Amino acid sequence: MNGRPSAYMKAHRGFRQGDPISPLLFVLIMEQLHRWLNKLKDKPNFKYHPKCVKLHITNICFADDLISFARGDENSVQIMMQELHNFSDATGLKANRANYKVYCGGMHTSEIHKILQITGCSAGTLPFKYLGVPLSSRKLNIHQCHPLVDRILEKTLDLETFELCGQISTYSKCSVFYHFLLDACILDTEESD
């Protein structure tokens with residue numbers, strides 16, 4: 001208080017569920033977690049996930065979902081878990097461990113077991129879906145693209161029917177988009193052969 005650290009103050013009242021200010025406060029708290037995780041780059045033993053180095057990505061947060069990224073070594077995972085514990089202690093927010101999953105790719109089973117012990121989480125399998133989009137350690141293949149493209153087409157066609165007066169119809173636009181995605185998936189498949 002007044003520019004100095006003070007003793008712990010226990011809150012006696014909170015917000016009721018459904019209070020209009022509750023989502024705003026949650027977003028502010030999650031922003032702080034995002035900032036704490038971004039400071040991991042300053043720790044000498046922390047290493048980024050290899051695919052996240054260029055963009056310096058340590059986490060992705062959407063609503064109350066969090067995906068955090070680190071290299072699959074013991075030091076990086078321990079540092080990240082310590083930051084999550086510090087955040088939990090500071091805010092009083094506790095994550096549901098039953099919902100935690102660790103996804104590892106290109107690692108030996110002994111390394112995976114060590115990381116599972118450090119985190120206390122169960123192992124997930126790749127690919128998995130996040131917000132309806134399949135996530136994988138490799139490029140998506142054509143079979144993984146189909147459900148996503150179909151959902152996009154379904155949503156787009158629900159919003160708008162055929163346009164008249166000689167303009168390109170939504171169906172045609174979606175058809176072009178659909179074929180573009182399929183061509184991209186096919187090219188990826190052919191390149192990997």
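Scroll up to find the structure this text is about.
Predicted, not measured: the structure shown is a model, and the values here were computed from it.

Criteria and thresholds
- Residues numbered from 1 in each chain as written.
- Predicted model: local features only at pLDDT ≥ 70, side-chain atom pairs only at ≥ 80, totals over all residues.
- Heavy atoms only, no water.
- Helix = DSSP H or I, 4+ residues; strand = E, 2+ residues; numbered from the N terminus.
- Buried < 20%, exposed > 50% of the residue type's maximum accessible area, 1.4 Å probe, protein only.
- Contact = heavy atoms within 4.5 Å.
- Areas by Shrake-Rupley, 256 points an atom, 1.4 Å probe, with all protein chains shown as cover.
- Pairing = 2+ DSSP bridges.
- Salt bridge = Lys/Arg side-chain N within 4 Å of Asp/Glu carboxyl O.
- Polar contact = N/O pair within 3.5 Å; in protein donor to acceptor, adjacent residues only side chain to side chain.
- Phe/Tyr/Trp six-rings, centres within 6.5 Å; stacked < 30°, edge-to-face > 60°.

> Please give an account of the overall build of the protein chain that cites residues and values.
The secondary structure content of the protein chain amounts to 5 helices and 6 strands. Reading the secondary structure of the protein chain in the N-to-C direction produces α-β-β-α-β-α-β-β-β-α-α. Within the protein chain, buried positions represent 21% of all 193 residues. A sequence separation of at least 24 residues applies to 44% of the contacts in the protein chain between residues at least 6 apart. Entry remark: accessible area of the protein chain is about 14,800 Å², with carbon and sulfur atoms responsible for 57%.

> An account of the pairing of strand E1 (residues 59–62) is requested, with residue identities and associated values reported.
Strand direction decides the pairing type here: E1 and strand E2 (residues 65–68), joined by 4 bridges, are antiparallel. Across the sheet, residue isoleucine 60 finds its bridge partner in E2, namely isoleucine 67. The hairpin turn running from E1 into E2, its antiparallel successor, is 2 residues long, and alanine 63 in that turn takes a positive phi close to 55°.

> Quick one: what's the story with the pattern of salt bridges, residue by residue and with numbers?
Summed over the entire model, instances satisfying the criterion amount to 3 salt bridges. Its salt-bridge partner being glutamate 31, residue arginine 35 comes within 3.2 Å of it at the nearest N-O pair. Here the residue arginine 35 and the residue glutamate 31 both occupy positions in helix H1 (residues 22–38), the gap between them amounting to 4 residues, near one helical turn. For arginine 35, a relative accessible area of 48% gives the class partly exposed. Look at glutamate 31 and you get partly exposed, because its relative accessible area is 35%. Lysine 43 serves as the salt-bridge partner of glutamate 83, at 3.1 Å between the closest nitrogen and oxygen. Of this pair, glutamate 83 sits in helix H2 (residues 74–91) while lysine 43 sits in the loop between H1 and E1, and the two are 40 residues apart along the sequence. Take glutamate 83: its relative accessible area is 10%, and that puts it in the buried class.

> I'd like a description of the environment of leucine 148, backed by residues and values.
Note that leucine 148 resides in helix H4 (residues 142–159). In this structure the C-alpha to C-alpha distance between leucine 148 and glycine 132, which are 16 residues apart in sequence, comes to 7.4 Å.

> Go over the side chain of asparagine 59 with me, naming the residues and quoting the values.
Relative to the helices and strands, asparagine 59 resides in strand E1. A distance of 2.9 Å separates a polar atom in the side chain of asparagine 59 from a polar atom in the side chain of histidine 34. For asparagine 59, the contacting residues outside a window of four places in its chain are His34, Leu37, Asn38, Leu66, Ile67, Ser68 and Phe69.

> Pulling in residues and values, what's your account of unusual backbone geometry?
Note that the residue after leucine 126, namely proline 127, is joined by a cis bond; omega there is -5°. Mapped onto the elements, proline 127 comes out in the loop between strand E4 (122–123) and strand E5 (128–130). The phi dihedral of histidine 56 is positive, around 55°, even though this residue is not glycine. With respect to the secondary-structure elements, histidine 56 resides in the loop between H1 and E1.

> With reference to specific residues and values, describe the packing of aromatic side chains.
Ring pairs (aromatic) are described by centroid distance and by the angle formed between their planes. One pass over the full model with this rule turns up 3 aromatic pairs. Here tryptophan 36 and phenylalanine 87 contribute two aromatic rings whose centre-to-centre distance is 5.9 Å and whose plane-to-plane angle is 85°, an arrangement assigned as edge-to-face. Residue tryptophan 36 is located in helix H1, and its partner phenylalanine 87 is located in helix H2; the two are separated by 51 residues in the primary sequence. For tryptophan 36, a relative accessible area of 23% translates into the label partly exposed. The class for phenylalanine 87 is buried, based on a relative accessible area of 7%. For the ring pair tyrosine 103 and phenylalanine 128, a centre distance of 3.9 Å and an interplane angle of 15° mean the geometry is stacked.

Treat this as a map of the structure, not an account of what it does.
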